[in-house]
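# Structural characterization, general
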Amino acid sequence: MPDISLFTETQGNFLIRLLLAHLVADFLLQNKKMVTNKKWLSKAMMAHIFVVFLMTALLSQNLIIAIIITLLHYLTDGIKMTLLKNKKYSETLLFIADQIVHVATIVICWSLYFGINQNTWSALMLPFTNFKISLVLFGFILVTSPYGYLIGLTTRRFQNEKNNETKTDKNGFYIGIFERLIILVFMLLGEYSAIGFLITGKSIIRFSSKNEDKKSEYVLLGTMISYGITIITGVILKQLL
């Protein structure tokens, strides 16, 4: 990995304080009622924005950055609440997008303040410019949906039987993604024994269900394929790294 001195300890501490201010204001000091009642000019919105400004100013000790971050936070929250009125948009996706924008705003303001935006950009591009990081990123993406669809095609015969339930299959698809991600992490860390505990726990939970007699073959086949190809992927990645 290239040696990129992204920031000094002092600069890093400043970023942590900005992020901490965001977490405190957006989660610890904002309840569900405030979130529900937030509109562009509502009391709930004004109260939240005041808290954002107060926490950012206190922890950063920088009035200009506090004002900029607060204004951008207000715009982001206002747009999010407007989009929430449109039922086409998922609340979960809007929440994730909202938090990504907040964090990105903080990082951009921080990097511009210290004049290290070029280093920040170089660090963000590392997953695409550095071989090892790119390889690991490729592996993690590969074990998510691509392997999920492959397993789905392999077990299609069982899915088409009369006992198939779409909701159950969809849940199993996402469970499988997280299982493969965890296994790949264990493989890259060399914690092979932890994979055994994961397999045991999965077996106990899945095979103790009432549908054991109906779906045991489908679950077992899908699980073994999922674990097998992920472990093979982990072995290949370790050799290439």
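Let me begin by describing the structure that accompanies this report. (Residues numbered from 1 in each chain as written. Predicted model: local features only at pLDDT ≥ 70, side-chain atom pairs only at ≥ 80, totals over all residues. Heavy atoms only, no water.)

### A word on the overall build of the protein
Of regular secondary structure, the protein possesses 13 helices and 0 strands. Per-residue burial for the protein yields a buried fraction of 34% across its 241 residues. Nonlocal contacts in the protein, meaning residues at least 24 apart in sequence, comprise 73% of its contacts between residues at least 6 apart. For the protein, the accessible area works out to roughly 15,200 Å², and carbon and sulfur atoms hold 68% of it. (Helix = DSSP H or I, 4+ residues; strand = E, 2+ residues; numbered from the N terminus. Buried < 20%, exposed > 50% of the residue type's maximum accessible area, 1.4 Å probe, protein only. Contact = heavy atoms within 4.5 Å. Areas by Shrake-Rupley, 256 points an atom, 1.4 Å probe, with all protein chains shown as cover.)

### A few points about the packing of aromatic side chains
Taken as a whole and assessed by the stated rule, the structure comprises 9 aromatic pairs. Where Tyr-149 meets Phe-173, the ring centres are 5.4 Å apart and the plane angle is 50°; that geometry is what we call tilted. Here Tyr-149 is found in helix H9 (residues 145-154), whereas its partner Phe-173 is found in helix H11 (residues 166-189), with 24 residues between them in sequence. A relative accessible area of 54% places Tyr-149 in the exposed class. Ring pairs connect the aromatic residues Phe-7, Phe-14, Trp-110, Tyr-113 and Phe-114, which therefore count as one cluster. (Phe/Tyr/Trp six-rings, centres within 6.5 Å; stacked < 30°, edge-to-face > 60°.)

### What about a nonpolar patch on the surface?
Side chains of Leu-23, Phe-27, Leu-28, Leu-29, Leu-93, Phe-95, Ile-96 and Ile-100 sit close together on the surface and give an oily, nonpolar patch of about 790 Å² of accessible area. Of all the secondary structure elements, the ones that give two or more residues to the nonpolar patch are helix H1 (9-28) and helix H5 (91-114). The element that contributes the greatest number of residues to the nonpolar patch is H5, accounting for 4 residues. Relative to the helices and strands, Ile-100 resides in helix H5. (Patch = residues over 30% accessible without salt bridge, like charges linked within 9 Å, V, L, I, M, F, W, Y side chains within 5 Å. Salt bridge = Lys/Arg side-chain N within 4 Å of Asp/Glu carboxyl O.)

### A word on the packing of helix H3 (residues 43-60) against helix H4 (residues 63-84)
At a minimum axis distance of 9 Å, the contact between H3 and H4 shows a crossing angle of 150°. Classified by the angle their axes make, H3 and H4 are roughly antiparallel. When you trace H3 past H4, the crossing you get is right-handed. Taken together, the residues of H4 that come into contact with H3 (itself represented by Met-45, Met-46, His-48, Ile-49, Val-52, Phe-53, Thr-56 and Ala-57) are Leu-63, Ala-66, Ile-67, Ile-69, Thr-70, His-73, Tyr-74, Asp-77, Gly-78 and Met-81. Here the contact of H3 with H4 is built from residues that sort into 12 nonpolar, 5 polar and 1 charged. (Axes fitted to C-alpha atoms, helices over the stretch in contact; angles between N-to-C directions. Parallel < 35°, antiparallel > 145°, perpendicular 65-115°, else oblique. Left-handed = near helix turned anticlockwise from the far one by under 90°. Nonpolar A, V, L, I, M, F, W, Y, C, P; charged D, E, K, R; others polar.)

### Thoughts on H1
Its 20 residues give H1 an end-to-end C-alpha distance of 27 Å, which sits within 8% of 28 Å, the value for a rise of 1.5 Å per residue. Where H1 is concerned, the buried positions are Gln-11, Gly-12, Phe-14, Leu-15, Leu-18, Ala-21, His-22, Val-24, Ala-25 and Asp-26. Its buried side turned inward, H1 meets H3, H4 and H5. (Expected span 1.5 Å × (residues − 1).)

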